[in-house]
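So you can see what is in the structure, the chains are spelled out below.
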Amino acid sequence: MHQLPIFLNLTGRTVVLVGEGEAADAKARLIERAGGRIVPAWEAGAALAFVALDDDAAARAAAEELRARGLLVNVVDRPDLCDFTTPAIVDRAPVTIAIGTGGASAGLAKAIRQRVEALLPARLGALASALQSARGVMKARWPTPADRRRAIDAALASGGALDPLDATAPDKVDAWLASDTATPPSRLETIQLTSPDPDDLTLRAARLLGEADHIFHPAKIPAAILTRARADAVRHVVDAPPRDAPTGLSLWLEMPTSRRSD
């Protein structure tokens, strides 16, 4: 990754905005939409700063002055002067999807946002709120975090009881919790990789990597493949798949063997 994507809570916090005009107005709307309060550049205690000035020298000087005061700075249309960039946003509050290109192309980020907007139902946020309200019930039904995560993963899978792309999913949470759906059993799956390029992963392989609790793999498996797995999945560098897989979903990754021609 070229940047670390984070979601910053600005509610009740102050943000410096330097500049006037359409670009500054757009940043002001973004700050206020996130719950921030815009303050003058000289006011202490701000969390972030945005600079929207047309003149290159003035923008650079403002950014350097604000950065010297310890603020993280975004300079509109000048990614080389930015400590952070603002993404294209898909808002299904409390679900927020941010699409960034590291400042390479705002147009590309917008085009991707428009595609994602068309895919996601308007009530996706309602599903998130319903799941949040059901936390206590879920903890009672699935006391261990691993069992709880596997049950939720199964429900949220494509075609599952709470498929996020199903507009009626928010209305099905109570029925899902009351159903006799069992926790998915522990299993070991093998993924036959076709190349070291993560873009060549099949949809099934990408899905399993995102769900696995344990990943067993030889040392030669490329890091680019492993980064597609859940960040908290346990990695095991071994020469062969386990005879007795641990609880949950385990994966064994295999790379194709190279062939020699005579």
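Residues numbered from 1 in each chain as written. Predicted model: local features only at pLDDT ≥ 70, side-chain atom pairs only at ≥ 80, totals over all residues. Heavy atoms only, no water.

### Things to note about the sheet that holds strand E2 (residues 37–39)
Working step 1: Taken in spatial order, the 4 strands line up as E2-E1-E3-E4 in an open sheet, and their pairing is parallel. Edge positions in the open sheet fall to E2 and strand E4 (72–75), since each of these has one partner strand only. Strand-to-strand twist across the sheet, computed as the mean angle between neighbouring axes with direction ignored, equals 30°.
Working step 2: Across 4 bridges, strand E3 (residues 48–52) lies against E4 in parallel orientation. Bridge pairing in E4 places Phe50 opposite Asn74. (Pairing = 2+ DSSP bridges. Helix = DSSP H or I, 4+ residues; strand = E, 2+ residues; numbered from the N terminus. Axes fitted to C-alpha atoms, helices over the stretch in contact; angles between N-to-C directions.)

### Quick look at the nonpolar core
Working step 1: Trp176 and Leu177 are the most contacted members of the largest nonpolar core, which has 19 residues in total.
Working step 2: Broken down by secondary-structure element, the contributors of at least two residues to this core are strand E5 (88–92), helix H3 (106–119), helix H4 (124–133), helix H6 (145–156) and helix H7 (173–178).
Working step 3: In this structure Leu177 touches Ala134, Val137, Met138, Arg141 and Trp142, once residues within four positions along its chain are discounted.
Working step 4: With 17 residues, the next largest nonpolar core counts Leu201, Ala205, Leu208 and Leu253 among its residues. (Core = buried A, V, L, I, M, F, W, Y, C linked by side-chain atoms within 4.5 Å. Buried < 20%, exposed > 50% of the residue type's maximum accessible area, 1.4 Å probe, protein only. Contact = heavy atoms within 4.5 Å.)

### Observations concerning the sheet that holds strand E7 (residues 187–192)
Working step 1: Ordered in space as E7-E10-E8-E9, the 4 strands form an open sheet in which the pairing is parallel. Edge positions in the sheet fall to E7 and strand E9 (234–237), since each has one partner strand and no second. Averaged over neighbouring strand pairs, the angle between their axes works out to 20° when direction is ignored.
Working step 2: Running over the sheet, helix H8 (residues 203–211) touches E7, strand E8 (214–217) and strand E10 (249–254) and is turned about 135° from E7.

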